[in-house]
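What the coordinates show
Residue-level listing of the chains:
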Amino acid sequence: MVCPLPCASLCMLSSFNIEQRHGSHISSKPISESPKTELFHKFNSPFELKQVHTLVIKTGMPISDLPLSRVASVCSLTPSFPYAQQIFQQVDQPETFIWNSCLRDFAESDSPFDAILLFYQMRRYNVLPDSFTCSFVLKACVRLQYLFHGRIIHAFVEKLGLQLNLVLLNVIVHLYASCGRINDAILLFDKMPQRDVVTWNTMITQLVKMGDIDSAYKMFVQMPDRNLRSWTAMIAGFVQCGKPKEAIALFTKMEEVGLKLNEVTVVAVLAACADVGALHLGRRIHDYSDKRGFTRNIHISNTLIDMYIKCGCLKAACDVFKNMKERTIVSWSAMIQGLAIHGKAKEALELFSEMICTGMKPNGVTFLGLLNACSHMGLINEGRSFFASMTKDYGIIPCIEHYGCMVDLLSRAGLLEEAHELIEQMPIKPNAAVWGALLGGCKVHKNIEMAEIAMRHLHELDPLNDGYYVVLSNIYSEAKKWEDAAKVRKMMRNRGLKKTIGWSSVTIGGTVHEFVAGDETHPQSKDIFKMWNHLLVYMRLKGYVPNTSVVLLDIEEEEKEKILFRHSEKLALVFGLINTPPGETIRICKNLRVCEDCHASFKLISSIVKREIVVRDRNRFHCFKDGYCSCKDYW
DNA sequence: CTAGGGTTAG
C-alpha cells in the first residue's frame, strides 16, 4: 500500500536544489515542464511532505495543486504531525475530497472505527458526503461488522440520491450478508435495478460463508457473466463446504472454458487436491505455479506443503518447505502436523525446536501438531510437557481441540483413568470429539465400563453420529457380548442411523477408482479376486492368518473370511497392483480407519510385491514398506 | 492517481 519510491522523489527534488540528502542524487534532468503530475504524488512521510511544500512555496505554485489525498494520508499516518494539518487548513477546496482521502486511510487502517468517528465529525462540520464518502465508511462498517452504523449509511445513500450507485449497493449487500443478515442482502439484491459480476460474486461468497453452498451454486449457474473471481469463489466455496470433488470438477470446467488460474485460484484448487488426495492434479498445478513464478507466494507454498502432506508425499512437502525463502507460522505448523500424521514424531519435535530457534512464535495450531505427533507415537511424557508448556511458556490457552488431543494421547496409551480425570476437570465443557477420543482408547484397550461412561455423554452430545455406536457395538462384540452389541445396533436403527459404509479409493494415472466393502460388481472383479488368492498363497507362507475377529458378526468362520477379503482397502490395493507397473507406489485413501487385518496384510504384501503402499486413513498415514508400517503398529 | 468481489495450517 505504501508505494512510491521516496528515492525518486528525492532525486527530483534535488534538481530543484531544495534539500539534498547524503549524495543520493543521480544527476537528473530538471522537470520544469510538468512538475505537478511528475512530482506531487511522491511523498509518504512528513519529511517528504515538507520538501514538497518548500517546493510549492519556491515555485509560487498554488497550494491547492498539492495532491491532497496524500497530504491527508500523511496527516493520518502521523496524526500528531501538525505540519500536514497546517497545510490542510490552508486549503478550502474541494473539502469533501480531503475528508474522503482521510476516511479512506482510516477505513483501511488498523482502527477502522476512526473512519466512523471522522464521518460523524464531517457531518458536524456540515461537509456534504458523496458516494466516495459512503463507500469508505461502509468499508469500515464491513471490517468492524457494524450493522448499526451500516444501516445509517445505507439510509444516507438513499437520502443523497445514490441508490442507483452500483458500487455502493454492492458494498451494502456485502455488509448485510457478512453481518449475518443474508435475508436483507437477498432482499436488496432482488430489488436492485441492475447487478454486475461483483454483485453476484459477493452473494456467492457470502452464501458460502453461511454454509449455504447449494444457493451459492444456484447463483453461480444463474449469473449472466462469470469472471475468474467467480470461478475461484465457487471453487473455494466447494472446498470450504467440504466438497472438494465438486471443487475439482468445477475447476475442470473452468479450464474447458479457457480461463487461466491466478495465485488465488491455485490456492483454492490445491486445497481441493489436498482434501481428496489428488496428487496428480496437485503436481500439475505445482508445475504450473513454478512456471508462472507463483511459488514465491507464501500462501501457495503453504498450500503446496499441505497438499503434498495430505497426498502422502512427505518428501515433496519437505522440499517445498526447504525452498521457501520466508516462512510463516502456517508453514511451520503445516510441516509439523505433516510429520505427525506420517508417524515422524521425533522429526516433528526437532522441527519445532528449529522453529523456536529462528524466533518464530508458535500458536495454538502449532501445539495441536505437536500433541498429535506425541499421540501418534505414544510419547506420553513429551505430550504432557508440551501441554503444560504452551500456557506456561507461550501464554496460549488450550482450547477444546488441545484437550481432545490430550485425551487421545492418554487413552490411546491405555491411561484411561487419567484421560477421564482430565475430561472431568477441564475448564471448558467437553464436546463429542473429546469423549469420542476416550471411547477410541476404550476400544483399543478393551475397557467396557469406561466405554459406557463415554457413550452416555456421546449419546447426549452427538446422538446422530453413527460412528460412536459402531465403536461401542464393536467393543461388545469383541468381548463376545453379542446381546449388548445387538442392543446398540437396535438403538441405531431406532434413531434411523446407518453404519457409514467403508470405501477406499486408489488413483491410477490421474483417475480415481472407488471401492466399497464387499463390492463384486467391478468390471475387473474376477481379476481382483484371482490376484488376491494368488497373493494369499504367499501371505500364508509368511505366516498370515486371517484375523476374523475384526468381523464382528456372529457367523461362520468361512463367511467371516469372505467378508474380510472384500474390505474396501484390499479391493483398492489389489486393483492398484494389477493396473500399475511393478515398483510403482500405490496410494490409497480410506474414509474410515484401516482395519487391523488389512493393516497386517498390507505389511506382508508390501514385502511380497516389493512396493510401497501409502494409505491415508481418517486420522493419519500408513506407509507400508518391506513388511513394516511407518506407524510402527501404534495407531 | 478517491470506491466494490476470490486464498493457506487443526
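Residues numbered from 1 in each chain as written. Chains lettered and ligands numbered in written order. Predicted model: local features only at pLDDT ≥ 70, side-chain atom pairs only at ≥ 80, totals over all residues. Heavy atoms only, no water.

**Thoughts on the UniProt feature "repeat: PPR" (unreviewed entry) in chain A**
Worth spelling out the cut-off: UniProt positions are given in the numbering used here, feature names are shortened, and annotations may be inferred rather than shown by experiment. The way it works is that DSSP assigns letters per residue, a run of H or I at least four long becomes a helix, a run of E at least two long becomes a strand, and they are numbered from the N terminus.
UniProt's feature table lists "repeat: PPR" (unreviewed entry) at residues 165-195, 196-230, 297-327 and 328-362, given in the numbering used throughout. The straight-line gap between the two end C-alpha atoms of residues 297-327 is 10 Å; of that span, 74% is helix and 0% is strand. Annotation note: span residues 328-362, helix share 74%, strand share 0%, distance between end C-alpha atoms 10 Å.

**Topic: a nonpolar patch on the surface**
Which entries qualify depends on this criterion: The patch calculation keeps residues exceeding 30% relative accessible area without a salt bridge and links them within 9 Å when they carry like charges or within 5 Å when they are nonpolar (Val, Leu, Ile, Met, Phe, Trp, Tyr). Using a 1.4 Å probe, the Shrake-Rupley method yields the accessible areas, and only the shown protein chains count as cover for residues. Salt bridges are defined as contacts in which a side-chain nitrogen from Lys or Arg sits within 4 Å of a carboxyl oxygen from Asp or Glu.
Taken together, the side chains of Val537, Tyr538 and Leu541 define a hydrophobic patch exposed on the protein surface, amounting to about 340 Å² of accessible area. Structurally, tyrosine 538 can be placed in helix α30 (residues 525-541).

**Examining the packing of helix α11 (residues 182-191) against helix α12 (residues 197-209)**
Axes are the key here: two packed helices are described by the angle between their axes and the distance separating the axes. This is how the line gets drawn: Fitted lines through C-alpha atoms serve as axes, helices being fitted only where they are in contact, and the angles separating the N-to-C directions of these axes extend from 0 to 180 degrees. Geometric relationships in this document are graded by angle, where less than 35 degrees denotes roughly parallel, more than 145 denotes roughly antiparallel, 65 to 115 denotes roughly perpendicular, and other angles denote oblique. Here is the rule for handedness: rotate from the far helix to the near one, and if that takes an anticlockwise turn smaller than a right angle the crossing is left-handed, while a clockwise turn gives right-handed. By definition in these notes, contact holds between two residues if any of their heavy atoms fall within 4.5 Å. Charged means Asp, Glu, Lys or Arg here, nonpolar means Ala, Val, Leu, Ile, Met, Phe, Trp, Tyr, Cys or Pro, and polar covers whatever is left, Gly included.
Packing of α11 against α12 leaves a shortest axis separation of 12 Å and a crossing angle of 160 degrees. Overall, the two elements α11 and α12 adopt an arrangement that is roughly antiparallel. For the crossing formed where α11 meets α12, the hand is left-handed. Counting all contacts with α11, which are made through Ile182, Ala185, Ile186 and Phe189, the residues of α12 involved are Thr199, Trp200, Met203, Gln206 and Leu207. Here the residues of the contact of α11 with α12 are counted per class, giving 7 nonpolar, 2 polar and no charged.

**Section: the pattern of salt bridges**
Any two side chains of opposite charge can pair, on the condition that their charged atoms come close. Worth spelling out the cut-off: Each residue is assigned to one of three classes by its accessible area relative to the maximum for its type, calculated with a 1.4 Å probe on protein chains only: buried under 20%, partly exposed between the two thresholds, exposed over 50%.
Taken as a whole and assessed by the stated rule, the structure comprises 18 salt bridges. Measuring nitrogen to oxygen at the nearest pair gives 3.9 Å for the salt bridge that ties lysine 346 to glutamate 350. Taken as a pair, lysine 346 and glutamate 350 lie in helix α21 (residues 345-357) at a separation of 4 residues, close to a single helical turn. You can call lysine 346 exposed: its relative accessible area is 60%. Between aspartate 484 and lysine 487 there is a salt bridge whose closest N-O contact spans 3.6 Å.

**Regarding helix α15 (residues 244-257)**
Condition: Each residue after the first adds 1.5 Å to the expected span of a helix.
Look at α15: 20 Å from first C-alpha to last across 14 residues, which is about the 20 Å you get at 1.5 Å a residue. Packed against the buried residues of α15 are α13 (213-222), α14 (228-240), α16 (263-276) and α17 (279-291). The first or second residue beyond α15 is glycine 258, which carries a positive phi of 100 degrees.

**What to know about a positive patch on the surface**
Let me state the cut-off plainly: As used throughout, the charge tally considers Lys and Arg to be positive and Asp and Glu to be negative, leaving His and the chain termini uncounted. Note on charges: their place is set at NZ of Lys, CZ of Arg, CG of Asp or CD of Glu.
A cluster of basic residues, Arg489, Lys490, Arg493 and Lys499, forms a positive patch at the surface. Assignment of secondary structure puts arginine 489 in helix α29 (residues 482-494).

**Quick notes on the sheet that holds strand β1 (residues 503-508)**
Definition in use: Two strands make a pair as long as DSSP finds a minimum of two bridges between them.
As summarised here, the arrangement of the 6 strands in space is β2-β1-β3-β4-β5-β6, forming an open sheet in which the pairing is mixed. Two strands lie at the open edges of the sheet, namely β2 (511-516) and β6 (628-629), each paired on one side alone.

**What to know about the nonpolar core**
Basically, it comes down to this: Definition of nonpolar core: a set of buried residues of the types Ala, Val, Leu, Ile, Met, Phe, Trp, Tyr and Cys, connected through side-chain atoms within 4.5 Å. Each domain span listed reflects an automatic or database assignment of domains.
Core analysis: the biggest nonpolar cluster contains 151 residues, and Ile305 and Leu438 have the highest contact counts within it. Ranked by the residues each element gives to this core, the list is headed by helix α10 (residues 166-178), at 9 residues. Per-domain counts for this core show at least three residues from each of domain 1 (411-494) and domain 2 (503-629). By size, the runner-up hydrophobic cluster in this structure holds 33 residues, among which are Ala572, Cys595, Ile613 and Cys629.

**Describing the protein's contact with DNA strand B**
Short version of the rule: In this text, near means that some heavy atom of the residue lies within 4 Å of the molecule or strand in question.
The environment of DNA strand B is formed by 42 residues, the closest being Asn170, Asp196, Asn201, Arg229 and Asn262. Close to the protein, within 4 Å, the atoms of DNA strand B belong to sugar or phosphate groups at a rate of 36%. Split into classes, the residues belonging to the surface near DNA strand B amount to 15 nonpolar, 21 polar and 6 charged.

**Points about α10**
Quick note on the threshold: Between N or O atoms, a polar contact is any pair within 3.5 Å; within protein, one atom must be a potential hydrogen donor and the other a potential acceptor, and residues adjacent in sequence are included only when both atoms are from side chains.
Over its 13 residues, α10 runs 18 Å from end to end, which matches the ideal 18 Å to within 8%, given 1.5 Å per residue. Taken together, the buried positions of α10 are Leu166, Leu168, Leu169, Asn170, Val171, Ile172, Val173, Leu175, Tyr176, Ala177 and Ser178. Near the N-terminus of α10, the side chain that reaches the backbone nitrogen of valine 167, with its oxygen 3.0 Å away, is that of asparagine 165. Looking one or two places after α10, you find glycine 180, whose phi comes out positive at around 85 degrees.

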